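Given next are the chains, with one letter for each unit.
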Amino acid sequence: MLQGVLVALAATLIYLESRIGGQHMIDRPIIIGPVVGLIMGDPVTGLVVGGQLELVWMGLAGIGTTTPPDVVTGSALGTALAIQTGASYETTLALAIPISLLAQFGAIAVPTVNAIFAHRADACAANRDYRGVERCLWMGTCVYFVMYFCMTLAGFLVGSEVITRLVEMIPDVIQDGLAQSGNLLPAMGIAMLIQMTWDKKFGVFLFLGFALAAFLGVSTIGAAVFGAICAVIYFLFIGGNAASPELASATSSDFIDEDSEEL
């Protein structure tokens, strides 16, 4: 029970950090996983599960009025259930996605309730009751706190027994299938990120990283070092020279303007 309360409290505070303190990217799975792992007494598993979930959701973004899956609740409960049930992290990955989709309904319900406080804040602003506006803003935050805390705590308390029995009932063949699908989810997350940032000019570096890993057996950290070196080389020999003509043109135009003013 105490672990459930601490996990729910940590997940809720991490979520509210982006609502109150600004977006510092603390509400990412790579941060949530180790925090929940520390609470559950297994930070290594928390880091592994959080890293895998970060790969799945790193390209996820809410655009316009769309509401993406709840990454915070999915990461917190997925990590906690992985440690509590002893299930493989591949199986946990396959279970964390439905959890985040279910929590998405809560993320949609809270703004609906907070619309009441938004209209109340408009009325207070019309009457120049600025303290009332402040109270309405904090009431909306309290609704977020209560909703996410109760949702995470309920998922931890109910889900632990349910997920444990479910994992025990799943045949080995299905477990192997879930493991393979869990291995595919990080690749899907990277593909989503590449789709958002793809540029033909830099496509060769993608294939360079693939070649380093596939043919030379270079680790992820090694490939990142190679990528940093390539970025520095590109900036020194190509990026800086590409910006220099514009800078030279702007500088020469300044000199012409100064000469014309003197004449």
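Every value quoted in this text rests on a predicted model; they were computed, and no experiment measured them.

J.: Which residues make up the packing of aromatic side chains, and what are the values?
T.: One pass over the structure, following the stated rule, counts 5 aromatic pairs. An angle of 5 degrees between the planes, with centres 6.0 Å apart, marks the rings of Phe145 and Phe149 as stacked. One end of the pair is Phe145 and the other is Phe149, both in helix H6 (residues 130–169) and 4 residues apart, which spans about a single turn. What makes Phe149 buried here is its relative accessible area of 19%. When the ring of Phe210 is compared with that of Phe215, the centres are 6.4 Å apart and the planes differ by 85 degrees; the resulting orientation is edge-to-face. Site record: aromatic cluster; members linked through ring pairs are Tyr15, Tyr144 and Tyr148.

J.: Summarise unusual backbone geometry; cite the residues concerned and give the values.
T.: Excluding glycine, residues mostly carry a negative phi; peptide bonds, for their part, are mostly trans. The phi torsion at Arg128 lies on the positive side, around 60 degrees, for a residue other than glycine. Assignment of secondary structure puts Arg128 in the loop between helix H5 (89–126) and H6.

J.: Describe the nonpolar core, and please don't skip the residues or the numbers.
T.: Ranked by size, the top nonpolar core spans 22 residues in total, and within it Val7, Val36 and Met40 carry the most contacts. Of the residues forming this core, the biggest block, 6 residues, is contributed by helix H4 (residues 71–85). Val49, Leu53, Val56 and Trp57 belong to the second largest nonpolar core, which has 7 residues in total.

J.: So what about the side chain of Thr12? Which residues, and what values?
T.: Here Thr12 lies in helix H1 (residues 2–20). Residue Thr12 is classed as buried on the basis of its relative accessible area of 1%. Apart from the residues lying within four places of it in its own chain, the contact partners of Thr12 are Phe145, Tyr148 and Phe149.

J.: Run through a nonpolar patch on the surface, naming residues and quoting values.
T.: Together, Ile221, Val225, Ile229, Val232, Ile233, Phe235, Leu236, Phe237 and Ile238 make up a nonpolar patch on the protein surface, roughly 930 Å² of accessible area in all. The topology assignment puts Phe235 in helix H9 (residues 220–262). Under the relative-accessibility criterion, Phe235 is labelled exposed at 55%.

J.: How would you explain the pattern of salt bridges if you had to name every residue and give the values?
T.: Two side chains bearing opposite charge may form a pair once their charged atoms approach each other closely. As enumerated under the stated definition, the model contains 2 salt bridges in all. Between Arg28 and Glu54 there is a salt bridge, with the nearest N and O atoms lying 3.2 Å from each other. A residue pair is termed long-range when its members are at least 10 positions apart, and Arg28 in the loop between H1 and helix H2 (29–40) and Glu54 in helix H3 (residues 43–57) qualify at 26 residues. The same class applies to Arg28 and to Glu54, which are both buried. With a closest N to O distance of 3.9 Å, Arg135 and Asp129 form a salt bridge. The exposure class assigned to Asp129 is partly exposed, which follows from its relative accessible area of 28%.

J.: Just give me the short version of the packing of H2 against H3, but keep the residues and values in it.
T.: For the pair H2 and H3, the least separation of the axes is 7 Å and the interaxial angle reads 160 degrees. Here H2 lies roughly antiparallel to H3, going by the angle between them. Seen from above, H2 lies across H3 with right-handed handedness. Across the interface between the two elements, Pro29, Ile30, Gly33, Pro34, Gly37 and Leu38 of H2 pack against Pro43, Gly46, Leu47, Gly50, Gly51, Leu53, Glu54 and Trp57 of H3. A class-by-class count of the residues in the contact of H2 with H3 yields 8 nonpolar, 5 polar and 1 charged.

J.: For helix H8 (residues 203–215), give the residues involved together with the corresponding values.
T.: An α-helix turns once every 3.6 residues. As a result, residues three or four positions apart point the same way. Counted at 1.5 Å a residue, the expected span for H8 with its 13 residues is 18 Å, and the 18 Å between its end C-alpha atoms agrees. After H8 finishes, the residue Gly217 shows a positive phi value of roughly 70 degrees.

J.: Talk me through the confidence of the model for the protein chain; I want residue IDs and the actual numbers.
T.: Detailed reading of predicted coordinates is not advised where the pLDDT is low. Of the residues in the protein chain, 71% reach a pLDDT of 70 or more, and the chain-wide mean stands at 76. Of all helices and strands in the protein chain, the one with the weakest mean pLDDT is H9 (65), whereas H2 scores best (90). Confidence drops under pLDDT 50 across residues 255–263; counting only partners more than four residues distant or on other chains, this segment forms 0 contacts.

J.: An account of the state of the cysteines is requested, with residue identities and associated values reported.
T.: Here is the idea: a disulfide is a covalent bond, and it sits between the sulfur atoms of two cysteines. Scanning all chains against the criterion turns up 0 disulfides. In this structure Cys136 is not part of a disulfide, and its nearest cysteine sulfur, from Cys124, lies 4.5 Å away. The exposure class of Cys136 is buried, given its relative accessible area of 9%.

Criteria and cut-off values
Residues numbered from 1 in each chain as written. Predicted model: local features only at pLDDT ≥ 70, side-chain atom pairs only at ≥ 80, totals over all residues. Heavy atoms only, no water. Phe/Tyr/Trp six-rings, centres within 6.5 Å; stacked < 30°, edge-to-face > 60°. Helix = DSSP H or I, 4+ residues; strand = E, 2+ residues; numbered from the N terminus. Buried < 20%, exposed > 50% of the residue type's maximum accessible area, 1.4 Å probe, protein only. Core = buried A, V, L, I, M, F, W, Y, C linked by side-chain atoms within 4.5 Å. Contact = heavy atoms within 4.5 Å. Patch = residues over 30% accessible without salt bridge, like charges linked within 9 Å, V, L, I, M, F, W, Y side chains within 5 Å. Areas by Shrake-Rupley, 256 points an atom, 1.4 Å probe, with all protein chains shown as cover. Salt bridge = Lys/Arg side-chain N within 4 Å of Asp/Glu carboxyl O. Axes fitted to C-alpha atoms, helices over the stretch in contact; angles between N-to-C directions. Parallel < 35°, antiparallel > 145°, perpendicular 65-115°, else oblique. Left-handed = near helix turned anticlockwise from the far one by under 90°. Nonpolar A, V, L, I, M, F, W, Y, C, P; charged D, E, K, R; others polar. Expected span 1.5 Å × (residues − 1). pLDDT = per-residue confidence, 0-100. Disulfide = S-S within 2.5 Å.

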